[in-house]
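Observations on chain architecture
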Amino acid sequence: MTIWLADDVASEMERLGSIYYPLETGGMLLGWRDGRDRIATGLIGPGPHALHGRYTFAPDGGWQRARLRDIFSATAGDLDYLGDWHTHPDGVAVMSELDRRTLSKIERRVRVPLMVILAGAENKWDIGSWLGSKSGYLTRVSASEEETKVFDAPTGWPVTLHVD
Ligand SMILES: [Zn+2]
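To start, this report covers the structure provided alongside it. For every chain, the first residue of its written sequence is number 1, and the numbers climb from 1 along that sequence. Owing to the predicted nature of the model, reporting of local features is limited to residues with pLDDT of at least 70; listing and counting of side-chain atom pairs is limited to 80 or more, with chain, interface and lining totals taken over all residues. With hydrogens and water excluded, all non-hydrogen atoms of the structure serve as input to the side-chain values.

**A word on the coordination of the zinc ion**
Protein ligation of the zinc ion involves His86 (NE2), His88 (NE2), Asp99 (OD) and Asp99 (OD), the donor distances falling in the range 2.0 to 2.4 Å. Viewed at the metal, the four donor atoms of the zinc ion are separated by angles of 56 to 157 degrees, and the geometry they form is irregular. Donor residues for the zinc ion, ordered by position in the chain, follow H-x1-H-x10-D. Throughout, exposure labels follow a simple rule: accessible area from a 1.4 Å probe, protein chains only, divided by the maximum for the residue type, with under 20% read as buried, over 50% as exposed, and the rest as partly exposed. With relative accessibility at 13%, the residue histidine 88 sits in the buried group. With water omitted from the atoms examined, metal sites may look incomplete; donors here are N, O and S atoms no farther than 2.8 Å from the metal, or 3.2 Å in the case of Na, K and Ca. Irregular is the label for any site that misses the other tests, which are tetrahedral for four donors with all angles between 85 and 135 degrees, and square planar for four donors or octahedral for six when opposite donors exceed 155 degrees and the remaining angles lie between 65 and 115.

Laid out in C-alpha cells, this is it:
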C-alpha cells in the first residue's frame, strides 16, 4: 500500500511544521482511495484557535469542519476526509500511544483512517504514514506503517490547501 501525497500538500505540511517549530501543529488530509492506496491532494491546517504545545496539539475543530464543508461543496464531493497529520518537532516519525488513541477515534468516523507524521525540524522533515484497521469486535485499532510517496499532481487535479 502506498500513501501518495501531492507535492503541494507535502510542502505545505513542511512549511507549517517549520512555522510552528518547536511546537507541534497539524490538520486534516483529503483525497480519495484506490484500493488500499490513498491519494491526498487536499490539506486543512490547524485553525486559528488550535492549541500548539511542545508535545501536544489540539486542532480548532469547528474551523476545520467549516473548511471541510467548503471543500465538499467546491469539489462536488471529489475529495473525502482521509485522516489527520501532525508534527513531532525534534522527534521521530513513529506513532505514540496518544497517536494510536487518536487513530482509534478517527476510525469511528472513517474506515481505515490515515495518519501522517512529520518528524524533524525547520527545513528538514521525515514523513511517515500509517493506516488504522480494526478487526472484528476488537475495539483497538491496529496501525500499519505504509510507504509514503510525494508526487507531482497533474494540472487540473483537485489540489486544495486551506490554512487560514
Ligand atoms: Zn504524534
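**Topic: helix H2 (residues 61–74)**
Here H2 is 14 residues long and its end C-alpha atoms lie 20 Å apart, about the 20 Å a rise of 1.5 Å per residue gives. Strands here mean DSSP runs of E at least two residues long; helices mean DSSP runs of H or I at least four residues long; both are numbered from the N terminus. Buried within H2 are the following residues: Trp63, Gln64, Ala66, Arg67, Leu68 and Ile71. Just beyond H2, the residue with positive phi is alanine 76, at close to 55 degrees. Multiply 1.5 Å by the residue count of a helix minus one, and that product is the helix's expected span.

**Considering helix H3 (residues 97–107)**
Considered for burial, the residues of H3 that qualify are Asp99, Leu103, Ser104, Ile106 and Glu107. The buried residues of H3 occupy an angular sector of 160 degrees when projected down its axis, which confines them to one face. Only heavy atoms matter for contacts: two residues are in contact if any of them lie within 4.5 Å across the pair. Tucked into the core, H3 has its buried residues touching strand E6 (80–89), strand E7 (114–121), strand E8 (124–133) and strand E9 (142–151). As used here, the arc is the angular range of directions from the helix axis to the C-beta atoms.

**Some remarks on unusual backbone geometry**
The omega torsion across tyrosine 21 and proline 22 is 5 degrees, close enough to zero to call that bond cis. Its location among the elements puts proline 22 in the loop between helix H1 (7–20) and strand E2 (26–34). One non-glycine residue, alanine 76, adopts positive backbone phi at about 55 degrees. One non-glycine residue, valine 112, adopts positive backbone phi at about 50 degrees. With respect to the helices and strands, the residue valine 112 is situated in the loop between H3 and E7. Among the residues examined, valine 112 registers a relative accessible area of 11% and is labelled buried.

**What to know about the pattern of salt bridges**
For salt bridges, the criterion is a side-chain nitrogen of Lys or Arg within 4 Å of an Asp or Glu carboxyl oxygen. Under the criterion given, the structure shown has seven salt bridges. The residue lysine 134 makes a salt bridge to glutamate 107 at a minimum N-O spacing of 3.9 Å. With lysine 134 in the loop between E8 and E9 and glutamate 107 in helix H3, the pair connects residues that are 27 residues apart, well separated along the chain. You can call lysine 134 partly exposed: its relative accessible area is 41%.

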